[in-house]
Amino acid sequence: MPGLIGKKIGMTSVFSADGKNLPCTVIEVGPCVVTQVKTIEKDGYEAVQLGFEDKKEKHTTKPMQGHFKKAGVTPKRHLAEFKEQGDYKPGNVITVDFFDGEIYVDVTGTSKGKGFQGVVKRHGFAGVGEATLGQSDRQRHPGSIGACSYPAKVFKGTRMGGQMGDQRVTTQNLEIIKLIPEHNLLLVKGSVPGAKGSIVIVQK
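Each chain carries its own residue numbering, running from 1 in the direction its sequence is written. Totals for whole chains, interfaces and linings use all residues, but because this is a predicted model, local features are given only for residues with pLDDT of at least 70 and pairs of side-chain atoms are given and counted only at 80 or more. Side-chain descriptors were evaluated using all non-hydrogen atoms of the structure, hydrogens and water having been removed beforehand.

Engineer: I would appreciate a short explanation of the packing of aromatic side chains in the present structure.
Structural biologist: Ring pairs (aromatic) are described by centroid distance and by the angle formed between their planes. The rule is short: rings of Phe, Tyr and Trp, with Trp giving its six-membered ring, pair when the centres are within 6.5 Å, and they are stacked under 30 degrees, edge-to-face over 60, tilted in between. Tallying each qualifying case throughout the model produces one aromatic pair. When the ring of F98 is compared with that of F99, the centres are 5.2 Å apart and the planes differ by 85°; the resulting orientation is edge-to-face. Burial status follows relative accessibility: with a 1.4 Å probe on protein chains alone, a residue under 20% of its type maximum counts as buried, one over 50% as exposed, and anything between as partly exposed. With a relative accessible area of 0%, F99 lands in the buried category. Charge-over-ring contacts are defined here by two conditions on Lys NZ or Arg CZ: a distance within 6 Å of the ring centre and an angle within 35 degrees of the ring normal. Seen from the ring of Y45, K83 lies directly overhead, with NZ or CZ sitting 5.2 Å from the centre. Above the plane of the ring of F98 lies K204, whose end atom (NZ or CZ) is 4.1 Å from the centre.

Engineer: Help me understand the side chain of K76 in this model?
Structural biologist: Secondary-structure assignment places K76 in strand β5 (residues 76-82). For this analysis, a polar contact is any N or O atom pair within 3.5 Å, provided that within protein one partner can donate a hydrogen and the other can accept it, and provided that sequence-adjacent residues contribute only side-chain to side-chain pairs. Only 2.4 Å separates the side chain of K76 from the side chain of D54, close enough to count as a polar contact. The secondary structure listing takes helices from DSSP runs of H or I that are at least 4 residues long and strands from runs of E that are at least 2 residues long, numbered from the N terminus.

Engineer: Explain the environment of V128 to me, please; I cannot follow it from the model alone.
Structural biologist: In this structure, V128 sits in the loop between α3 (119-123) and β9 (162-164). With 14 residues separating them in the primary sequence, V128 and P142 have C-alpha atoms 7.1 Å apart. Contacts were defined at the residue level, with two residues in contact if any of their heavy atoms lie within 4.5 Å. When sequence neighbours within four positions are dropped, the list of residues in contact with V128 reads R138, Q139, H141 and G143.

Engineer: Got a minute to help me understand the side chain of T60 in this structure?
Structural biologist: Its location among the elements puts T60 in the loop between β4 (47-54) and α2 (62-71). When its relative accessible area of 8% is taken as the criterion, T60 is described as buried. Those residues in contact with T60, other than ones at most four positions away along the chain, are K55, Q65, F68 and P75.

Engineer: How should a positive patch on the surface be read in this particular structure?
Structural biologist: Exposure above 30% relative accessible area and the lack of any salt bridge qualify a residue for a patch; like charges then connect within 9 Å, and the nonpolar side chains Val, Leu, Ile, Met, Phe, Trp and Tyr within 5 Å. Accessible areas in this description were obtained via Shrake-Rupley with a 1.4 Å probe; residue shielding takes into account the shown protein chains only. Counted as salt bridges are all cases of a side-chain nitrogen of Lys or Arg within 4 Å of a carboxyl oxygen of Asp or Glu. Lys and Arg are tallied as positive, Asp and Glu as negative. Neither His nor the chain termini are counted. Charge placement uses NZ in Lys and CZ in Arg. For Asp and Glu, CG and CD serve respectively. On the surface, K112, K114, K121, R140 and K196 cluster together into a patch of positive charge. Within the secondary structure, K112 sits in the loop between β7 (104-110) and β8 (115-117). A relative accessible area of 49% places K112 in the partly exposed class.

Below, the structure is given as structure tokens:
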């Protein structure tokens, strides 16, 4: 199994062995519970489904209550499926020790939403220069979007203003700085997608 479900706690900084101050993100990884093991014979592919964070039974739908009851676990708030199968059985608990000995991880999360943004912020456009005679309020505009004689249209994919952020983003090769097993915490160097308290997937 390549990874676990976690929650972004926030950012801090720690000192390395040689005295450097390293910015890092604190992620609460697990404990995750195996809620289902899928097999080729029954489901057509191999995968392990994990649950993270307890949820009250009264807030769980009847079908999901049956799903968790079949696995012999309490209702979980977040589920994720990993398409690799090890020697796992429903009810097994996996903690942050899963990453013991690893050097790098990939973290997938939902980036912060920025709303509707223009091309300067969204795509890094330079604008059209200074406000000179004959133009006004054009500094942060995109300029021409491709008018020509043939084809007389704007091409698909042309970079314009629009919704920015709130997308599934993966940050790769984040260095593991420290494991704190007693609190299920993982410290990785640098930033990860999402706001404080958001759910992330941490993979080897």
